[in-house]
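The chain contents come next:
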Amino acid sequence: MSDFMDLCLKRQSCRNFADQPVEREKLVKCVEAARLAPSGCNGQPWSFVIVENPEIVGKIAECTQQLGVNDYISKAKAFFVVVEEHANLMPQLKNLVDSQYFAPGDIGAAVAYLCLAAESQGIGTCILGVYNREIIKSLLNIPQEKHIGGLIAVGYPADPTVRKKARKPLEEILRFV
């Protein structure tokens, strides 16, 4: 595997997927990495659905395009759906801490690990923020009371060129005390 910073520099939102399916074992390896992400009080408030059925992939892609955005998602070959679960906290912590307090950060860490694992295998990902959660829950038989904590489009990049990252300078976001 390449140096971690190189991996961080290479990982980008894929907006042009190749017409090539992603191997199931590579998708599972991404979830394995996500499973190993840090989790507050080790609550692990997540479960993962890998969507690879082309018909359902197409329907989920449509759910991301309802505001006239994300047209490139139609070429995705799979999706990872992260479902927020109730954290499994130790009994002594349940009385002190709301189990869902850690969930957004935990899921963010899991998604980051998942996307970096995909990049390490040459797979492109795009973390999506605009999508119809209710339709996706219905398509995947996710109970209505559950929350979708993440949706990631997956596929091999049609163009592996790494774009220059537009990030704030380190001096602007860092200070020592």
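For the structure, check the block above.
In what follows, the accompanying structure is described. (Residues numbered from 1 in each chain as written. Predicted model: local features only at pLDDT ≥ 70, side-chain atom pairs only at ≥ 80, totals over all residues. Heavy atoms only, no water.)

## Observations concerning the sheet that holds strand β3 (residues 124–128)
So, point 1. Taken in spatial order, the 4 strands of this open sheet run β1-β2-β4-β3, and their pairing is antiparallel. Whereas interior strands pair on both sides, the edge strands pair on one side only; in this sheet they are β1 (46–51) and β3. Averaged over all adjacent pairs, the angle separating strand axes in this sheet is 20°, with direction ignored.
So, point 2. Bridging between strand β2 (residues 78–84) and strand β4 (residues 147–155) involves 7 bridges; their strand directions are antiparallel. Paired with Ala-78 across the two strands is Val-154, which belongs to β4. (Pairing = 2+ DSSP bridges. Helix = DSSP H or I, 4+ residues; strand = E, 2+ residues; numbered from the N terminus. Axes fitted to C-alpha atoms, helices over the stretch in contact; angles between N-to-C directions.)

## Some words on the pairing of β4
So, point 1. Within β4, 7 of the 9 residues are buried, which leaves the element mostly enclosed by the surrounding structure.
So, point 2. Direction of pairing for β3 relative to β4: antiparallel, over a ladder of 5 bridges. The residue bridging Ile-127 from the neighbouring strand is Ile-152, located in β4. (Buried < 20%, exposed > 50% of the residue type's maximum accessible area, 1.4 Å probe, protein only.)

## Some thoughts on the packing of helix α2 (residues 24–35) against helix α5 (residues 103–120)
So, point 1. The geometry of α2 relative to α5 is characterised by a closest axis approach of 7 Å and an angle of 145° between their N-to-C directions. In the crossing of α2 with α5, the sense of the turn from one axis to the other is right-handed. Within the contact between the two elements, α2 uses Lys-29, Cys-30, Val-31, Ala-33 and Ala-34 and α5 uses Ala-110, Tyr-113, Leu-114, Ala-117 and Ala-118.
So, point 2. For the contact of α2 with α5, the class distribution of residues is 9 nonpolar, no polar and 1 charged. (Left-handed = near helix turned anticlockwise from the far one by under 90°. Contact = heavy atoms within 4.5 Å. Nonpolar A, V, L, I, M, F, W, Y, C, P; charged D, E, K, R; others polar.)

## Some details on the packing of aromatic side chains
So, point 1. Applying the stated criterion across every chain yields a total of 1 aromatic pair.
So, point 2. An angle of 45° between the planes, with centres 6.4 Å apart, marks the rings of Trp-46 and Phe-48 as tilted.
So, point 3. Take Trp-46: its relative accessible area is 9%, and that puts it in the buried class.
So, point 4. Across the ring face of Tyr-131, the terminal group of Arg-133 is positioned such that the distance to the ring centre comes to 4.1 Å. (Phe/Tyr/Trp six-rings, centres within 6.5 Å; stacked < 30°, edge-to-face > 60°. Lys NZ or Arg CZ within 6 Å of the ring centre and 35° of its normal.)

## Description of a nonpolar patch on the surface
So, point 1. The grouping of Leu-170, Ile-173, Leu-174 and Phe-176 at the surface amounts to a nonpolar patch, some 490 Å² of accessible area in total.
So, point 2. Note on placement: Leu-174 falls in the segment after α7 (170–173). (Patch = residues over 30% accessible without salt bridge, like charges linked within 9 Å, V, L, I, M, F, W, Y side chains within 5 Å. Areas by Shrake-Rupley, 256 points an atom, 1.4 Å probe, with all protein chains shown as cover. Salt bridge = Lys/Arg side-chain N within 4 Å of Asp/Glu carboxyl O.)

## Notes on the environment of Leu-67
So, point 1. When you line up the elements, Leu-67 lands in the loop between α3 (54–63) and β2.
So, point 2. Among the residues examined, Leu-67 registers a relative accessible area of 68% and is labelled exposed.
So, point 3. It is 8.1 Å that separates the C-alpha atoms of Leu-67 and Val-130, two residues lying 63 residues apart in sequence.

## Description of the pattern of salt bridges
So, point 1. What the rule picks out here adds up to 7 salt bridges.
So, point 2. Here Glu-23 and Lys-26 are joined by a salt bridge, their closest N and O atoms 3.9 Å apart.
So, point 3. For Glu-23, a relative accessible area of 28% gives the class partly exposed.
So, point 4. With its nearest N and O atoms 2.6 Å apart, the salt bridge here joins Glu-32 to Arg-35. Of the two residues, Glu-32 and Arg-35 are both situated in helix α2; the distance of 3 residues between them amounts to about one turn of the helix.
So, point 5. What makes Arg-35 partly exposed here is its relative accessible area of 44%.

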